[in-house]
Amino acid sequence: MQGYRSRWRPTPILGRVAERYLIRTFGCQMNVHDSERIAGLLEAEGMQATEELDAADVVVLNTCCIRENADNKLYGNLGQLKALKERKPGLRIAVGGCLAQKDRGLIQDRAPHTDVVFGTHNTASVVDLLRRSEHDGAVMEVLEESHTFPSALPARRDLPYSAWVTIQIGCDNRCAFCIVPAVRGKEISRPPEEIVAEVESLAATGVVEVTLLGQNVNSYGRDLTRRRPLFAELLRAVGAVEGIERVRFTSPHPKDLRPQTAAAMGDTPTVCEHLHLPLQSGSDRVLAAMHRGYTAERYLEKLATARAAVADLAVSTDIIVGFPGETDDDFERTLEVVAAAEYDSAYTFVFSPRPGTEAAGFGDRFVPPAVAAERFARLTVVVERSALHKHQARVGRTERVLVEGPSRKDAAVLTGRTRQNKLVHFAAEPLSPGTFARVQVTAAAPHHLLGDLVEVTARPRHKTRIPVAAL
Ligand code: SF4
C-alpha cells in the first residue's frame, strides 16, 4: 500500500512467538476504520487476532470521546486490564483514538499500567511505540497533524465484500457540541487518484461495495483545488471502477451539499440512493447557536434538490434534543422540520456536554433532563411514524439486497441491505455474505423490512478474507 513502510518485519513485536492481539473499539465508524488499520499493522508484523482477553499479548483500546461516558468506559476497561497485567506482566496495553488525543499523559497518570498512548494522527506508529515500550517503559506520543491517511495503511477487514475508504481526515467546522475538530485536526483531503487506486485494488479482491468516509465529505477537495466541487467528480470516478456495484458515503454536511453532488448521485448508477443529511435541530436560533451554517428553510431546499436529482432517494439524519437554551418553541420547530423532511430513519440523541466543546460551557442554559426526555419521546414518535410510512410504501416491491449474513435474532433468517440502506430480513437457505439476491418485501416496521427470497442474482467474488495488504 502506498504511504506505509514497515521498518521491522517480520520480527515479533514483543520478541516472542505466536503473539496475539485484541482490539476494543469505541465510537464512530472512523474509529472502526482506524481499528482495521491497527489490526492490519499488527498482522503485518506476524501477530494474530484473538477474542479472548486472557490469550492476548497486546491489547489496544481505540477510544472515542464523542459518545457519552467515554472516560468511564476507558477507565473501566483499564481497571479490568490492571488485574490481568498483574497476573500476566508481559501484557502490553495501548490506548489510542480521540480520548487519547485529548487526554494524553493524563491516561498514564490515572492508569500507570498503560504502556502506550498514541493519538489520532499517529496510528501508523503503533508498532514502533509498542516496541519502544518493551525496551524503554511507558511511552506517550500524540502528534498535532496526520502524515498518513488511515486508508494508506495495511488493513485486516472483517467484511470481505464491503470496505471503508477514507477520503478526508479532520474537520474545519466548529459545531458547538462536537469535539472532532479538537481531536482530529484540520481538514485534509486525500488525493483523488490515490482514492481511486485503492478502490480499484479493493475491487480486484472482490469488494463490491465501498463507503467513502470523511467528517464532511461534501467539502472534500477544497484544500486540493479551487475547482469545485471535487466530491461530485470523486463520486463519478469511484462509481466508474469496474467491479464496484455500490458506492456510499458518510457524512455530508448540509451547508456544503452542492447541486452538482446531487446530480452525480443521480446519474452514477453505482452510487446508492441514500443520503445521510444531519439536521441536528429545526430551530434557526438553535442552529445558529450550534454554528451549523444553515437555516431550516435552506436545509429543506437542499433536501428537495437532492430528491429531485435522485429517484427513490432514502434520507436519514441526526437530531440533538435539548441543546442548551432550546425552548419549547424551538423544539416545535424541530418537529415541524422532521415531519416536512419525511425521513426514512433518524439517529436521535439527548444533548449531553462533551468536555472540551463550546457547548459544555453553556451550563447556565442546560435543559432540565426531564424536559429533554419528554421531548425525545415525542420526537421518537414523529420519526418512527415517518419511517414506518416510508417502509410501508415498499411493501410489494422486489428489492435487490446485498446479503450481510444471518439475522442477529434468528439464525434461520438472513439479513440483507437495499441500495436505500434498508435492512431486509428474509427466510432462506444459508447464503454467503456478499451475495446479491432479489427479495420481495412483504411487511414493514419502522427499522426494517420483511421479505421472501425471489432469486439469487450474484454470488460473492471474494475469497474468505482479504489478506493483509502487501507493502
Ligand atoms: S461538521 Fe460539525 S459535527 Fe461534523 S465533525 Fe465537523 S464539527 Fe463535528
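Quick caveat, the model's predicted, so the values are computed rather than measured.

1. Considerations on the overall build of the protein
Right, so step 1: Each helix and strand counted, the protein has 13 helices and 19 strands in total.
Right, so step 2: Oriented by its inertia axes, the alpha-carbon framework of the protein measures out at about 60 × 60 × 50 Å.
Right, so step 3: Classification of the 471 residues of the protein by burial places 46% in the buried group.
Right, so step 4: Partitioning the intrachain contacts of the protein with sequence separation of at least 6 by distance along the chain shows that 74% fall at a separation of at least 24.

2. Structural notes on the pairing of strand β11 (residues 246-250)
Right, so step 1: For β11, the buried fraction is high: 4 of the 5 residues fall into the buried class.
Right, so step 2: The pairing of strand β10 (residues 209-213) with β11 spans 5 bridges and is parallel. For Leu 213, the partnering residue across the bridge sits in β11 and is Thr 250.

3. Here's the deal with the domain arrangement of the protein
Right, so step 1: If you check the domain split of the protein, you get domain 1 (20-141), domain 2 (157-272), domain 3 (307-393) and domain 4 (398-458).
Right, so step 2: The C-alpha centroid of domain 2 is placed 28 Å from the C-alpha centroid of domain 1.
Right, so step 3: Every contact between the two is made by 11 residues of domain 1 and, on the other side, 11 residues of domain 2.
Right, so step 4: Contributing elements (two or more residues each) for the side of domain 1 that touches domain 2: α1 (29-44) and α3 (98-103).
Right, so step 5: Grouping the constituent residues of the side of domain 1 that touches domain 2 by class yields 4 nonpolar, 5 polar and 2 charged.

4. Quick notes on the packing of helix α7 (residues 192-204) against helix α8 (residues 230-239)
Right, so step 1: Axis separation between α7 and α8 bottoms out at 10 Å; the angle between their running directions is 25°. With respect to each other, α7 and α8 are oriented roughly parallel. Crossing hand, α7 versus α8: right-handed. For the pair formed by α7 and α8, the contact residues are Pro 192, Ile 195, Val 196 and Val 199 on the first element and Leu 230, Leu 234, Ala 237 and Val 238 on the second.
Right, so step 2: Looking at the contact of α7 with α8 residue by residue, the class counts come to 8 nonpolar, no polar and no charged.

5. With respect to the sheet that holds β10
Right, so step 1: Within the open sheet, the 3 strands sit side by side as β7-β10-β11. Their pairing is parallel. Only two strands of the sheet have a single partner each, and these edge strands are β7 (162-166) and β11. Strand-to-strand twist of the sheet, defined as the mean angle between neighbouring strand axes without regard to direction, takes the value 25°.
Right, so step 2: The strands that α7 touches are β7 and β10; relative to β7, the one it contacts most, it runs at about 165°.

6. A look at the pairing of strand β14 (residues 345-350)
Right, so step 1: In terms of strand pairing, strand β13 (residues 314-321) meets β14 through 6 bridges, oriented parallel. Following the sheet pairing, Thr 317 is matched in β14 by Ala 346.
Right, so step 2: In terms of handedness, the path from β13 via helix α12 (residues 328-341) over to β14 forms a crossover that is right-handed.

7. Focus: the site of the ligand
Right, so step 1: Cys 171, Asn 173, Cys 175, Cys 178, Val 180, Pro 181, Gln 215, Asn 216 and His 253 make up every residue found near the ligand.
Right, so step 2: A breakdown of the residues in the shell around the ligand according to their chemical character gives 5 nonpolar, 4 polar and no charged.

The rules behind the values
Counting starts from 1 at the beginning of each chain's written sequence and moves along it residue by residue. Since the coordinates come from a predicted model, pLDDT governs what is reported: local features require at least 70, and pairs of side-chain atoms require 80 or more to be given and counted, while whole-chain, interface and lining totals use all residues. What counts as a helix is a DSSP run of H or I of at least four residues, what counts as a strand is a run of E of at least two, and both are numbered from the N terminus. Working definition of burial: number of other C-beta atoms within 10 Å of the residue's own, with buried at 20 or more, exposed at 12 or fewer, and partly exposed in between, all C-beta atoms being placed from the backbone. Each residue gets a C-beta atom placed from its backbone, and two residues are in contact if those atoms lie within 7 Å. Strand pairing requires that DSSP identify at least two bridges connecting the strands. How far each domain reaches was decided by an automatic or database domain assignment. When residues are grouped by polarity, Ala, Val, Leu, Ile, Met, Phe, Trp, Tyr, Cys and Pro land in nonpolar, Asp, Glu, Lys and Arg in charged, and all others, Gly among them, in polar. Axes, fitted as lines to C-alpha atoms, cover a helix only where it is in contact. Angles between the N-to-C directions of the axes lie from 0 to 180 degrees. Throughout this description, any angle smaller than 35 degrees is read as roughly parallel, any larger than 145 degrees as roughly antiparallel, any in the 65 to 115 degree range as roughly perpendicular, and the remainder as oblique. The handedness criterion is simple: a crossing whose near helix is rotated anticlockwise from the far helix by less than a right angle is left-handed, and one whose near helix is rotated clockwise is right-handed. Place the viewer so that the strands point away; then a crossover is right-handed whenever the path from the first strand over the helix to the second strand goes clockwise. Nearness rests on one distance test: the residue's C-beta atom, set from the backbone, must lie within 6 Å of the molecule or strand.

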